Amino acid sequence: MVMRSSSPLPRMSRRGRVTIAVLVGVFVLFTLLGWGVQAWTDWLWFDEVRYTEVFTGVLLTRLVLFLAVGLGMAVIVGGNLWLAHRLRPRLRPHSVEQATLERYRMVLSPRLGTWILLTAAVVGLFAGLSAQNRWNQWMLFRNGGDFGIKDPEFGVDIGFYVFQLPFWRYLLGVAFTAVVLAVIGALAVHYLFGGVRLQGVGDRMSNAARAHLSSLVAVFVLLKAIAYVLDRRAMLLEYNEGVKLYGAGYADVNALLPAKEILAYISIVVAIAIIVFSNAWMRNLVWPGISLALLGVSAVAIGGIYPWAVQTFEVKPSAKDKEAPYIQRSIDATRAAFGLGVTETTPYAANNLTPPASLVTDTSVVPNVRLLDPQLVSETYTQLQQVRGFYDFGPKLDIDRYGVNGKVSDFVVGVREINYGELTDQQNTWINRHTVYTHGYGLVAAPANQVVCGGQPFFVSGFLGEKTQEACSSQTEQITAKQPRIYYGERMAADDYAIVGQSDPNKKAEFDRPVGEGGGESYTYTGEGGVEIGSFARRLLYAIKEQESNFLLSEAVNKDSKLLYVRNPRDRVEKVAPFLTLDGDPYPAVVDGRVQWIVDGYTTAASYPYAERVNLQTETTDELTNRGTFQLARENVNYMRNSVKATVDAYDGTVKLYEYDDTDPVLKAWNKAFGGDLIQPKADIPVELNEHFRYPADMFKVQRNLLTKFHVTNPGDFYSAQDFWQVPNVPDAPDSGQKQPPYYLFTQFPGQESPRFQLTSAVTPNGRQNLAALISGSYVDGKPRLEVLELPDQTRISGPVQVHQQMTNNANIRQQLNLLSSNQAQVQYGNLLSLPFADGMLYVEPVYVKSNQQDAYPLLQKVLLSYGDGGSFVALADNINDGIKQLVEQGKKAGQGAPPTPPPGGNPTSPTPTPTPSGAATPTPTPSVGTPPPTGDLAAAADRVQTAISEVRAAQTSGDFERYGRALKALDEALTAFQQAQQAAGNASGSPSPSAGG
């Protein structure tokens, strides 16, 4: 009786195969349809903005990489599967193992070519999909040039690391993957067809299988040799744990670097040995296995143990000296990679602690002090300039400068945009949302240093044509926008498209602006922006894209209709220039009568040798992140340039890219990659537009944070880390852990010839709260300039957190603030501005009051001011001028020997006790009235107490709690000695006490 062996794989019924084929076909059809619709609409959008070279360049590059890498991977894997089958033994020994495998061979053999092709196709598909995401690396690889700077170890141009190395490492990874998959696949085929056996007599591997597999292993080892060579270069990018910096250190250069070279040679020898021992000599796998084992042992001993020993026994005992040259390399590279080399550091003594009389007559700093906080007054703009509930100014406004009446000053500006989230249920129909409420209206501006009508901004532009109160706003447009309509803005989401245009010139469907009580004017869009959708094919195309049948059914879509989409300026620039990292704070400006959005673009890299690597999201996050600004992606970079200034027209969406850093090699590579004309030259920037460029916030944050360490240029001092700085927390909420954002000012700092629009930030010593330096970024003659005013060590000048606490904790000021803050209102603090003036420091902090009533908005009610060390001279006034006068008057009285005059309502004879860290009060000896001055030992004891009090105040100001503790102890000992001196003099109850007012 003959037994028929059952098939290992059950056959599928015809109906099942047809069902699967139909489902696969439907899936492929809809996938291809989705891709086709997306590609077609993308082409139409790029054609609208006239950047089709970006679309075609990226698409073709991705397609070429997909095909090249996918086919290469498929050929390598498929070819080795086919070769393994061709090398199968014709005769196989009988065994249970082979009998079991025979059933699978019977199933696969008739269609083996199909199976190999299918496997290779799947592998190639995934490899191609992975490769097409590397389009940016390939473009830089092909178009990158030299930096003109050589690395300090190998003398290789930096361009190799930025443009070449990343793609070479990727290709090496692809090669490793291909060989590993080939080995696995070939081994499986050899086993299936008897070339590799686990049972039976004789050799476990045929000669052909051994030659095939050993050759693949040898290729793998040769690739490892190449990897060691590339690793030598990549060592200049690695993290040096010993000094907490990036780049090869002493042990790396003197131990690991030669070890990698030795291992590269060993790998070549091992690869040759594998081929020779496996095929030409002993023809077995024992010696090849020994060779691989020796390679592994060598990698551990030479590449691991030896560098560890050098680091542990040679470097660590004298790391400061051994690592000094390599620390210097990291300092130099970081300053070059992030543009810190142009930083100008100027000592600023800040030794004047008394408000000078020149504060009253100053014309460069005091008149330009910004009182309006763009974050707080956003609510005020919304309530006073909104007019309709669907208008919005966003959670944060912007700062820019304009010349009005022959004078340049900074303004707080905001754009009155449509907020589709605020439409009522009745308004929020498809017709209303996409064809009626299509745009906002006007750029609203107010001088940053002026308030009117009980604390309101003085609006000078963006009016809707309605009559305003004469005292509360300008009667004429001082910043005139000839085209005030806002079709593109920051409040636009991805699905906020608009359909504009009419066949009938008399039919105006778009709501333009409010007029009178509840009325409004209508408008028809006449700009060049938008994709034409008048034809049936276009309407069908976008109906599929948006999954909306109204494109086909609604009469609102006519033959002259245009579709406006991708309406957020930042998204628009990002789509046009996907190689740029964009600043999180676009801002509007009126340029030549049109509202233009200005977006700063950065070129970045992550492979600059020895440069510090930072995470952009971490470095740029502060109190304002996601409050009117966009959070940057978690991108690790060690090179950054503000190379591009992009503009987006708020009316027609026109995107323009201007070169701003004409020396950046990365931007030159990208421009070359897209034909050479993608970026307009710096010389083509319109003069009026150039006047509105400002130092970009995110770039400044990164540079400021790096300068907290890399202002130290001596490697020994850098290693000790004693002079590092830190960015202070938000002054009015230090426990929140959020960093104080930098702030824009139009002011003049010491050493500057005239007032300048600059981005400024205060920094404090690491772990302390007194002021260490002021960092500012500005443009001078079209070039970025970083300036640092560095205060002396152990300065008495308080930092932002200390100053806020000292001002608000003053007993007299606290009493007034409590009156402002009641059950019906809350006090809000604006930007605390640090202003160097007359060899001292002037601090200004606006105080807003917001009622708890519904729809209330903050009003500027008071201004806090401080001069000197932060606590000696403080004022709370109704305006900046009154506050300055109070400070100067206090300074005059202090110069005459009288104590500073407290704010109105205070008691000059009751000094505020200095709080200790535990919350107790430092005892302050009070002079008796009408008694003779002390003499002899008593006078010496009084002087000792006076000196101890001064040290307590200085220690408290410095923020050094260890010093503060010593000072309190010394004060306690001085007071004890003074009491003993009183008793010894026989007048313990009536002797004069030392003065605390010195």
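Residues numbered from 1 in each chain as written. Predicted model: local features only at pLDDT ≥ 70, side-chain atom pairs only at ≥ 80, totals over all residues. Heavy atoms only, no water.

Visitor: Sorry, what's going on with the state of the cysteines here?
Guide: By definition, a disulfide links two cysteine residues through a covalent bond between their sulfur atoms. Counted according to the given criterion, the structure contains one disulfide. Shown here is the disulfide that connects cysteine 453 with cysteine 472, its sulfur atoms set 1.9 Å apart. The sign of the -105° torsion about the S-S bond sets the cysteine 453-cysteine 472 disulfide as left-handed. Note that cysteine 453 is positioned in the loop between β10 (451-452) and β11 (456-457) and cysteine 472 in the loop between β11 and β12 (485-486), a separation of 19 residues in sequence. (Disulfide = S-S within 2.5 Å. Helix = DSSP H or I, 4+ residues; strand = E, 2+ residues; numbered from the N terminus.)

Visitor: Is there a simple way to think about the side chain of histidine 804 in this case?
Guide: Position of histidine 804 relative to the elements: it lies in helix α23 (residues 800-809). Among the residues examined, histidine 804 registers a relative accessible area of 7% and is labelled buried. Residues contacting histidine 804, with those up to four places away along its chain left out, are Pro731, Asp732, Tyr829, Leu832 and Glu845. (Buried < 20%, exposed > 50% of the residue type's maximum accessible area, 1.4 Å probe, protein only. Contact = heavy atoms within 4.5 Å.)

Visitor: Honestly, the environment of glycine 534 in this entry has me stumped. Any pointers?
Guide: In this structure, glycine 534 sits in the loop between β16 (531-532) and α15 (536-546). Residues glycine 534 and serine 503, spaced 31 residues apart in sequence, show a C-alpha to C-alpha distance of 10.0 Å. Setting aside anything within four residues of it in sequence, one finds glycine 534 in contact with Arg539, Asn558, Lys559 and Ser561.

Visitor: I tried to follow the sheet that holds β16 on my own but got confused; where do I start?
Guide: Picture the strands of a sheet paired through backbone hydrogen bonds; they go either parallel or antiparallel. Spatially, the three strands line up as an open sheet ordered β13-β17-β16, and their pairing is antiparallel. If you trace the sheet from one side to the other, it starts and ends with β13 (498-500) and β16, each paired once. (Pairing = 2+ DSSP bridges.)

Visitor: What is the right way to read helix α11 (residues 324-337) from this model?
Guide: An α-helical turn contains 3.6 residues, so any two residues separated by three or four positions project in the same direction. Compared with an ideal rise of 1.5 Å per residue, which puts 14 residues at 20 Å, α11 spans 20 Å between its outermost C-alpha atoms and is within 8% of the ideal. Judged by how many residues are buried, α11 sits mostly within the fold: 10 of 14 residues are covered. Immediately beyond the C-terminal end of α11, within one or two residues, lies glycine 339, with a positive phi of roughly 70°. (Expected span 1.5 Å × (residues − 1).)

Visitor: I would appreciate a short explanation of the packing of α11 against helix α21 (residues 697-710) in the present structure.
Guide: Relative placement of two packed helices is described by the angle separating their axes and the distance separating the axes. Between α11 and α21, the shortest axis-to-axis distance is 11 Å and the interhelical angle comes to 160°. Regarding the angle of α11 to α21, the classification is roughly antiparallel. For the pair α11 and α21, the sense of crossing is left-handed. For the pair α11 and α21, the contacting residues are Ser330, Ile331, Thr334 and Arg335 in the first and Leu706, Leu707 and Phe710 in the second. Looking at the contact of α11 with α21, its residues break down into four nonpolar, two polar and one charged. (Axes fitted to C-alpha atoms, helices over the stretch in contact; angles between N-to-C directions. Parallel < 35°, antiparallel > 145°, perpendicular 65-115°, else oblique. Left-handed = near helix turned anticlockwise from the far one by under 90°. Nonpolar A, V, L, I, M, F, W, Y, C, P; charged D, E, K, R; others polar.)

Visitor: Can you walk me through the confidence of the model for the protein in this structure?
Guide: If pLDDT is low for a region, its predicted coordinates should not be looked at in detail. With 87% of its residues at a pLDDT of 70 or more, the protein shows a mean pLDDT of 86. The low-confidence segment residues 1-7 (pLDDT under 50) makes two contacts with residues lying over four places distant or belonging to another chain. Note that residues 987-998 has pLDDT below 50 and, in this model, 36 contacts with residues that lie over four places away or in other chains. (pLDDT = per-residue confidence, 0-100.)

Visitor: Sorry if this is basic, but what is going on with the sheet that holds strand β5 (residues 398-404) here?
Guide: With antiparallel pairing, three strands are arranged side by side in an open sheet as β5-β6-β9. Strands with a single pairing partner mark the edges of an open sheet, and in this sheet they are β5 and β9 (443-447). Put simply, the sheet's adjacent strands are angled 45° from each other on average, direction ignored. As defined by bridge partners, β5 adjoins strand β6 (residues 407-415) across seven bridges and the pair is classed as antiparallel. Note on β6: the bridge partner recorded for aspartate 400 is phenylalanine 411. Relative to β9, helix α13 (residues 377-385) is tilted by about 120°, and along the sheet it contacts β6 and β9.

Visitor: I would appreciate a short explanation of the environment of glutamine 726 in the present structure.
Guide: Within the secondary structure layout, glutamine 726 lies in strand β25 (residues 725-726). Under the relative-accessibility criterion, glutamine 726 is labelled partly exposed at 26%. In this structure the C-alpha to C-alpha distance between glutamine 726 and arginine 768, which are 42 residues apart in sequence, comes to 8.6 Å. Dropping the residues within four chain positions of it, glutamine 726 is found in contact with Thr708, Val763, Thr764, Pro765, Asn766, Gly767 and Arg768. Here the side chain of glutamine 726 touches arginine 768 through a polar contact of 3.4 Å, landing on its backbone oxygen. (Polar contact = N/O pair within 3.5 Å; in protein donor to acceptor, adjacent residues only side chain to side chain.)

Visitor: Explain the pairing of strand β34 (residues 873-877) to me, please; I cannot follow it from the model alone.
Guide: In summary, the side chains of a regular strand alternate between the two faces of the sheet. With five of five residues buried, β34 is to be regarded as a mostly interior element. Burial along β34 is two-sided: Phe873, Ala875 and Ala877 facing one way and Val874 and Leu876 facing the other are all buried. Inspection of the sheet shows strand β33 (residues 859-867) paired to β34 by five bridges, in the antiparallel sense. Note on β34: the bridge partner recorded for valine 863 is alanine 877. Here β33 folds back onto β34, and the loop between the two strands holds five residues, one of which, glycine 868, carries a positive phi near 90°.

Visitor: Where do I start with the pairing of strand β30 (residues 825-829) in this structure?
Guide: Most of β30 sits inside the fold, with four of its five residues counted as buried. As paired elements, β30 and strand β32 (residues 840-851) share five bridges and run antiparallel to each other. Following the sheet pairing, tyrosine 829 is matched in β32 by valine 847.

Visitor: Explain the side chain of arginine 704 here, please?
Guide: With respect to the helices and strands, arginine 704 occurs in helix α21. Among buried Asp, Glu, Lys and Arg side chains, arginine 704 stands out as unpaired, with aspartate 622 the closest opposite charge at 5.2 Å. A distance of 3.1 Å separates the side chain of arginine 704 from the side chain of asparagine 705, its partner in a polar contact. Ignoring any residue separated from it by four or fewer positions in sequence, one finds arginine 704 in contact with Val727, Gln740, Pro741, Pro742, Ser761, Val763 and Ile775. (Lys, Arg positive; Asp, Glu negative; His and termini not counted. Salt bridge = Lys/Arg side-chain N within 4 Å of Asp/Glu carboxyl O.)

Visitor: I keep staring at the environment of threonine 621 and nothing clicks. Help me out?
Guide: Here threonine 621 shows up in the loop between α18 (616-620) and β22 (636-637). Distance in space between the C-alpha atoms of threonine 621 and glutamine 631 is 7.1 Å, their sequence separation being 10 residues. A polar side-chain atom of threonine 621 sits 2.5 Å from the main-chain carbonyl oxygen of glutamine 617.

Visitor: Explain the packing of helix α2 (residues 52-86) against helix α5 (residues 135-143) here, please?
Guide: The interhelical angle for the contact between α2 and α5, taken along N-to-C directions, is 100°, at an axis separation of 9 Å. In this view, α2 runs roughly perpendicular relative to α5, as classed from their interaxial angle. Facing Gly57, Val58, Thr61, Arg62 and Leu65 of α2, the residues of α5 in contact are Trp135, Trp138 and Met139. The residue inventory of the contact of α2 with α5, partitioned by class, reads five nonpolar, two polar and one charged.

Visitor: What should I look at first to understand unusual backbone geometry in this one?
Guide: Only a minority of non-glycine residues have a phi that is not negative, and only a minority of peptide bonds are not trans. The phi torsion at lysine 244 lies on the positive side, around 60°, for a residue other than glycine. When you line up the elements, lysine 244 lands in the loop between β1 (239-240) and β2 (245-246). Not every positive phi belongs to a glycine, and tyrosine 610 is a case in point at roughly 70°. Secondary-structure assignment places tyrosine 610 in the loop between β20 (594-605) and β21 (614-615).

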